[in-house]
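What the coordinates show
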Amino acid sequence: MYRAYGFPPLFLLLTLFLSLSSLPNPSTADTNSFIYGGCSQLTYSPGSAYESNLNSLLTSLVNSATYSSFNKLTFSGSTQQDVVYGLYQCQGDLSMPDCSNCIQRAVSQLGILCPSSTGGAVQLQGCFIKYDNTSFLGVEDKTVVVKKCGPPVSYESDLISQRDAVLNGLASGGGLYRVGGSGEVQGVAQCVGDLSANECQDCLSSAIGRLRSECGAAAYGDMFLGKCYVRYSTGGDHSHGSNGSSSSSSQQNQTSKTLAIIIGMLALVALIIIFVSFISRAIERRNSGGK
Ligand SMILES: *[C@@H]1O[C@H](CO)[C@@H](O)[C@H](O)[C@H]1NC(C)=O
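Residues numbered from 1 in each chain as written. Predicted model: local features only at pLDDT ≥ 70, side-chain atom pairs only at ≥ 80, totals over all residues. Heavy atoms only, no water.

1. Digging into the overall build of the protein chain
Tallying secondary structure elements over the protein chain gives 6 helices and 10 strands in all. Each of the 291 residues in the protein chain was classed as buried or not, and the buried ones make up 40%. For the protein chain, the proportion of contacts with a sequence separation of at least 24, taken over those separated by at least 6, is 67%. Looking at the protein chain as shown, the accessible area adds up to about 15,000 Å², and 58% of this sits on carbon and sulfur atoms. (Helix = DSSP H or I, 4+ residues; strand = E, 2+ residues; numbered from the N terminus. Buried < 20%, exposed > 50% of the residue type's maximum accessible area, 1.4 Å probe, protein only. Contact = heavy atoms within 4.5 Å. Areas by Shrake-Rupley, 256 points an atom, 1.4 Å probe, with all protein chains shown as cover.)

2. Examining the nonpolar core
Counting 25 residues, the largest nonpolar core has L167, L170, L204, L211, C228, V230 and Y232 as the members making the most contacts within it. Looking at this core, the elements that each hand over two or more residues are α4 (159-172), β8 (185-191), α5 (197-215), β9 (221-225) and β10 (228-234). No other element matches α5, which puts 7 residues into this core. With near-sequence residues (within four places) excluded, C228 lies in contact with Q190, C191, C203, L204, A207 and M223. In this structure, V84, Y88, C90 and L94 belong to the second largest nonpolar core, which totals 24 residues. (Core = buried A, V, L, I, M, F, W, Y, C linked by side-chain atoms within 4.5 Å.)

3. Section: the site of the ligand
Close contacts around the ligand come from L42, T43, T118, N133 and T134, and that covers them all. At 2.2 Å, a side-chain N or O of N133 approaches an oxygen atom of the ligand. Coverage of the ligand by the protein chains reaches 52% of its 360 Å² of free accessible surface. (Near = heavy atom within 4 Å. Polar contact = N/O pair within 3.5 Å; in protein donor to acceptor, adjacent residues only side chain to side chain.)

4. Let's talk about the sheet that holds strand β4 (residues 120-124)
The pairing of strands in a sheet comes from backbone hydrogen bonds and takes either a parallel or an antiparallel form. One open sheet accounts for 5 strands, arranged β1-β4-β5-β3-β2; its pairing is antiparallel. Two strands close off the open sheet at either side, each with one partner strand: β1 (34-39) and β2 (70-75). Adjacent strand axes in the sheet meet at a mean angle of 5°, parallel and antiparallel pairs treated alike. With 6 bridges connecting them, strand β3 (residues 84-90) and strand β5 (residues 127-132) associate as antiparallel partners. Looking at β5, one finds that Y88 is bridged to I129. In the packing of helix α2 (residues 49-64) onto the sheet, contacts are made with β2, β3 and β5, and the angle to β3 comes to roughly 20°. (Pairing = 2+ DSSP bridges. Axes fitted to C-alpha atoms, helices over the stretch in contact; angles between N-to-C directions.)

5. Regarding the state of the cysteines
Scanning the model with the defined rule gives 6 disulfides in all. The disulfide partner of C39 is C114, and the gap between their sulfur atoms is 2.0 Å. As the torsion about the S-S bond is roughly -75°, the C39-C114 disulfide counts as left-handed. Within this pair, whereas C39 is found in strand β1, its partner C114 is found in the loop between α3 (96-113) and β4, the two being separated by 75 residues in sequence. With a relative accessible area of 36%, C39 lands in the partly exposed category. Here C102 engages in a disulfide with C127; their sulfurs sit 2.2 Å apart. Judged by the torsion about the S-S bond (-95°), the C102/C127 disulfide is left-handed. Linking C102 in helix α3 with C127 in strand β5, this pair joins segments that are 25 residues apart in sequence. The same class applies to C102 and to C127, which are both buried. (Disulfide = S-S within 2.5 Å.)

Now the structure itself:
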């Protein structure tokens with residue numbers, strides 16, 4: 001007979017673990033949540049001049065994000081082959097601490113996604129960063145990178161006319177960053193800061209036209225083009241954009257970090273208990289086998 005003391009605490013822990021992990025994740029609408037990333041197929045060799053230029057570029061972009069929501073930079077080495085171009089853009093409503101935090105996160109994502117790639121781009125909820133060895137600075141890019149359409153809403157709903165009013169407002173507003181709302185619908189538009197006013201307008205018009213034609217009567221829509229994006233959402237659901245204050249988002253960060261630490265510790269404790277009960281059962285089995 002073995003003692004079953006390993007099981008009640010383990011069961012308790014599992015219950016705790018499951019109830020904790022089924023809590024609503026507070027960071028889903030967070031500034032730093034991942035939207036997309038992409039890398040060029042070409043790679044540079046480790047230790048190359050290109051690599052050190054790229055590291056300098058990324059460091060400078062991270063530094064720049066502490067005081068500016070946009071910057072574009074070029075780092076050139078001794079030869080034309082070592083030139084690296086890069087830029088970042090934070091969404092217009094981010095505070096400087098949030099922008100800086102977002103760009104830091106985006107750069108670390110680039111390192112994970114695109115090790116040794118000559119080019120890469122990452123879009124998080126609140127910021128965009130891109131680098132390459134061919135210049136794309138000041139070049140309009142209307143390629144669809146990510147399109148997401150929510151479930152359709154019923155046609156009698158006011159939401160579609162509100163959605164259209166929001167998109168019209170975004171289309172006619174000026175500037176690189178635009179927000180709008182009508183009834184339950186909120187919208188946000190952002191161009192990368194290297195576009196001229198006309199190029200930005202052209203890029204946003206294209207994104208808005210695509211949202212209308214490709215998302216139809218969807219409850220929310222995201223259209224990320226190469227150099228601009230337009231997003232709308234309904235009734236706080238899938239919300240993004242203008243309503244997150246910096247204090248609440250850093251608080252959310254803190255909460256999810258704490259939660260992750262608690263879950264990690266619980267998992268560790270559970271592993272130790274499984275290990276100890278395994279060992280003690282093995283010893284007991286050996287002892288009873290010896291009798
Ligand atoms: C970019 O890097 C790739 C891979 O090293 C290279 O083949 C290509 O010629 C580079 N492009 C430019 C413009 O330097």
